[in-house]
Amino acid sequence: ILHSTESSYRTFVHTSWLYIFAMVVVALLLSFGVGLIFSSQFVKPLKEISATAAEMSHGNYDVRVGHLNQPELNMIGDSINSLARTTKDSVSDISNETAKLSNIIENISDGLAVYDTNLNLVRYNAALLNICDEDYFQRDDVRNAMLEVMEDGKAQNVTIEVKNKILSFSITQIKSLEKVDGVIAVVSDITERERLEQTRREFVSNVSHEFRTPLTIIRGAVELLMDDVLDSEEAK
């Protein structure tokens, strides 16, 4: 270095910096390449897991996570697959039970109406339209009963007579997880039953009246006998 000329020294320094710069660039490229390889191997399984979870959130429970190269991610994938199978079975059971319940509601002879907390009709069955009109629920007695049931939870029965019909409203509260969701009203046409009950009462009244006269005569005769008013010949 002491015997070198200034120009050769500068050339040496310049060349050294070029080598250093080249080594840094090569090191960065190698680091970037290795990082891409490892990140792709790690991110790809995560993307697959994320895509599977997204499909499940949209209701597709048939999707499954494939085999992954990393044991830890394989455990997560197996858990998601198990969750998908369990959720599919649960949703299927709920759907079947809901279908059965809907079928029962649609085929019962009584009318059924479901109201939310604002007393808006949210569901009803076909029998309700054959038994009564929706306007009947706007009557003060029926509406007040629904409000009271929603407030205190005690079931109420309201009977109304309209258009030659006698209708019975059985109103109960709908509650889930300590929260009131509304009320349900079961409407029954009891016109025929009330007519039969009235006929029974009239029959009993008529029979009682018919029996009253002869019983009164017999009672009077028995009292005379007990008081010895009648002689032996009359008693005979």
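Presented here is a report on the structure given in the accompanying data block.

For the rest of this paragraph, the subject is the packing of aromatic side chains. Overall, the coordinates contain 2 aromatic pairs when judged by the stated rule. Judged by centre distance (5.3 Å) and plane angle (40 degrees), the ring pair of Tyr 115 and Phe 137 falls under tilted. Highlighted residues: Tyr 115 in strand S1 (residues 111-115) and Phe 137 in the loop between helix H3 (126-131) and helix H4 (140-152), separated in sequence by 22 residues. Looking at Tyr 115, the relative accessible area reads 2%, which means it is buried. Each member of the aromatic cluster is reached from another via a ring pair, and the members are Tyr 115, Phe 137 and Phe 169.

One pass over the full model with this rule turns up 4 salt bridges. Between Lys 163 and Asp 133 there is a salt bridge, and its shortest N-O distance comes to 3.6 Å. Separated by 30 residues along the polypeptide, Lys 163 in the loop between strand S3 (156-162) and strand S4 (165-176) and Asp 133 in the loop between H3 and H4 bring together distant segments of the chain. Assessed through its relative accessible area of 34%, Asp 133 is described here as partly exposed. Here Arg 195 makes a salt bridge to Glu 192, at a shortest N to O gap of 2.4 Å. One end of the pair is Arg 195 and the other is Glu 192, both in helix H5 (residues 191-226) and 3 residues apart, which spans about a single turn.

Our focus in this paragraph is the side chain of Ser 188. Position of Ser 188 among the secondary structure elements: in strand S5 (residues 179-189). Of the residues examined, Ser 188 reaches a relative accessible area of 17% and is grouped as buried. When residues no more than four places from it in sequence are discounted, the contact partners of Ser 188 are Asp 110, Ile 166, Leu 167 and Ser 168.

All right, on to the sheet that holds S5 then. What the 5 strands build is an open sheet, ordered S2-S1-S5-S4-S3; its pairing is antiparallel. Both outer strands of the open sheet, strand S2 (121-124) and S3, are each paired with one neighbouring strand and no more. Strand after strand, the sheet turns through a mean of 25 degrees between neighbouring axes, direction not considered. Packing against the sheet, H4 makes contact with S1, S3, S4 and S5, and its axis sits at approximately 25 degrees to S4.

Conventions used here
- Residues numbered from 1 in each chain as written.
- Predicted model: local features only at pLDDT ≥ 70, side-chain atom pairs only at ≥ 80, totals over all residues.
- Heavy atoms only, no water.
- Phe/Tyr/Trp six-rings, centres within 6.5 Å; stacked < 30°, edge-to-face > 60°.
- Helix = DSSP H or I, 4+ residues; strand = E, 2+ residues; numbered from the N terminus.
- Buried < 20%, exposed > 50% of the residue type's maximum accessible area, 1.4 Å probe, protein only.
- Salt bridge = Lys/Arg side-chain N within 4 Å of Asp/Glu carboxyl O.
- Contact = heavy atoms within 4.5 Å.
- Pairing = 2+ DSSP bridges.
- Axes fitted to C-alpha atoms, helices over the stretch in contact; angles between N-to-C directions.

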